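Chains, contacts and geometry: an overview
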Amino acid sequence: MSTDPIYAELTTRLRHNHLLDSVGQLLGWDEQVNLPAGSAGFRAEQQAALAKTQHEAASHPRLGAMLGELETQAGRLGPDEATVIRQARKDYDRATRLPEEFVRERALQSSRGYHAWAKARAENNFAAFVPVLEKNLELVKREAGYLGWAGREYDYMIDLHDPGMSAAVIAGLFAELRAGLVPLVRQIAASPVRPRADLLRGFPVEGQRAFLREVTEKLGFDYGRGRIDVSLHPFCSGTGADIRMTTRFNPDEPLDSLFSSIHETGHGLYEQGLPAVHYGTALGMNAGMGVHESQSRLWENQVGRSRGFWKFFEPRFRELFPQQTAGVSAEELYLAINAVAPTLIRVDADEVTYNLHIILRFEIEQRLFAGTLAVRDLPAAWNAAARELLGLTPDSDRTGVLQDVHWSYGAFGYFPSYCLGNMMAAQLWHRALALRPELEADFARGDFSWLLDWLRREVHVAGRRHEMPELVRRVTGEALSPQALLRYLHGRYGVLYPA
Ligand code: ZN
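Everything in this summary refers to the structure shown in the same document. Since the structure is predicted, the reported quantities are computational estimates derived from the model, not experimental observations. (Residues numbered from 1 in each chain as written. Predicted model: local features only at pLDDT ≥ 70, side-chain atom pairs only at ≥ 80, totals over all residues. Heavy atoms only, no water.)

**Topic: unusual backbone geometry**
Of note in this structure, Asn124 is not a glycine but carries a positive phi near 50 degrees. Mapping Asn124 onto the fold places it in the loop between helix H5 (100–122) and helix H6 (126–146). (Helix = DSSP H or I, 4+ residues; strand = E, 2+ residues; numbered from the N terminus.)

**A look at the packing of aromatic side chains**
Considering all chains together, one arrives at 29 aromatic pairs under this definition. Ring geometry for Phe203 against Phe317: centres 5.6 Å apart, planes inclined by 25 degrees, an arrangement best described as stacked. Taken as a pair, Phe203 in the loop between helix H8 (167–190) and helix H9 (205–219) and Phe317 in helix H12 (residues 307–320) lie far apart in primary sequence, 114 residues in all. No difference in accessibility class separates Phe203 from Phe317, as the two residues are buried. (Phe/Tyr/Trp six-rings, centres within 6.5 Å; stacked < 30°, edge-to-face > 60°. Buried < 20%, exposed > 50% of the residue type's maximum accessible area, 1.4 Å probe, protein only.)

**Re the coordination of the zinc ion**
Taken together, His263 (NE2), His267 (NE2) and Glu293 (OE) make up the full set of protein donors to the zinc ion, lying 2.1 Å away. Mapping the donors of the zinc ion onto the primary sequence gives the spacing H-x3-H-x25-E. On the criterion of sequence distance, the pair formed by His263 in helix H10 (residues 254–273) and Glu293 in helix H11 (residues 289–303) is long-range, its members being 30 residues apart. Taken as a pair, His263 and Glu293 share a single burial class, namely buried. (Donors = N, O, S within 2.8 Å, 3.2 Å for Na, K, Ca; no water.)

**A closer look at the pattern of salt bridges**
Throughout the structure, instances matching the rule amount to 40 salt bridges. Between Arg97 and Asp93 there is a salt bridge, and its shortest N-O distance comes to 3.5 Å. Classification of Arg97 as partly exposed rests on a relative accessible area of 41%. Residue class for Asp93 comes out buried when judged on its relative accessible area of 14%. Here the residues in one salt-bridge network are Glu71, Arg89, Asp93 and Arg97, joined through shared partners. (Salt bridge = Lys/Arg side-chain N within 4 Å of Asp/Glu carboxyl O.)

As structure tokens, this is what we get:
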């Protein structure tokens, strides 16, 4: 089948579209890292021109004709070819089924929504944001309808980020996680053990830069095919052949730049491990946002906050920052690395409580889409959930329902991926330790290669062949579940923060 000339032409076109997308990502990276302020208008024109070309390529009638032809020969297809065609069909439908007028309206509303949110947040005025949010909900529901998801609009939004996942499945997983997590957070909040917030101050940026470079290189990131720069918010973009990561520096928060860099490195390692020969098709594509997050979280948390990791890197850390670490014991440093304290703000949350922030947003989104919660009643629902889950009450909507940008441009169904990623990361970690119990001893010697090789073999080279639940089952032998995450969190933090 793979010698079929139509199939060959299809993959050539898909690779072309992927190249155009990667150019767009490069422009986006440059905008956040290098762009002179006075060039922003011209950059917007460049991006609009490219977007037009991308859309023409993605909706080209020849693509539709080829897909139609290949789909009639479904019986002759191998499983890999079928996967490629299924994904290409999904992308083609998305590019062709939305009316032009609708796409324009959605884009306009996204930009309007962002500005309305920024203003409402600055003025702590949720009422002003209500009509915007109502409009956003209406638009994404219409979009779901165009693409054949009428009546399952929230599932459509979830599937956009995590193919094959649904609100019902997530609800079951999150209920189980919530039941196990709330008592642990209560225990930590009541524990006499407190990490010292003032411990790490005045770390020169040059030293931080050198340290994170050494760390990420040691973890296996290939700087011959990628780089790390500075931006306001850290991110990882690009394709495996050219990864662009960013971080940010604050002399008084050295762990922020370090862990955000390790996090983005996890994303970068995944992309660098996808098979380059398949770029543009599902076989060379990541398996979705939840799987992506499992990779970044695994390196950031299970690896980067482990005793083994710090056994190896602590001497170098002290060597680079002798004065700053002079009065800090190894145990105090380890506690600062694993600081946990409930906060109202998601982006400031630690590894343990972060999951509760996600559960809160998921439960609210579910009710919004089901029509059992009106937009105007959001603040009350939000505050009640924050009290219940985090034990904290927002003092204003700025620290409550107005804190996140996502809903302002219609990005619903986006949050659950983070938590799904945490679950998968813990399951991968559990499996890796079962296969190689001396993993932390490897880390303590500065050897991270076993874990990376295993992830390459089991997760990265598969591309998008399997949806997340199937991938987890194949790699770990277990169904996707929060139990490994709960065991891991209790094991690490229940011990660090005794009652
Ligand atoms: Zn991430």
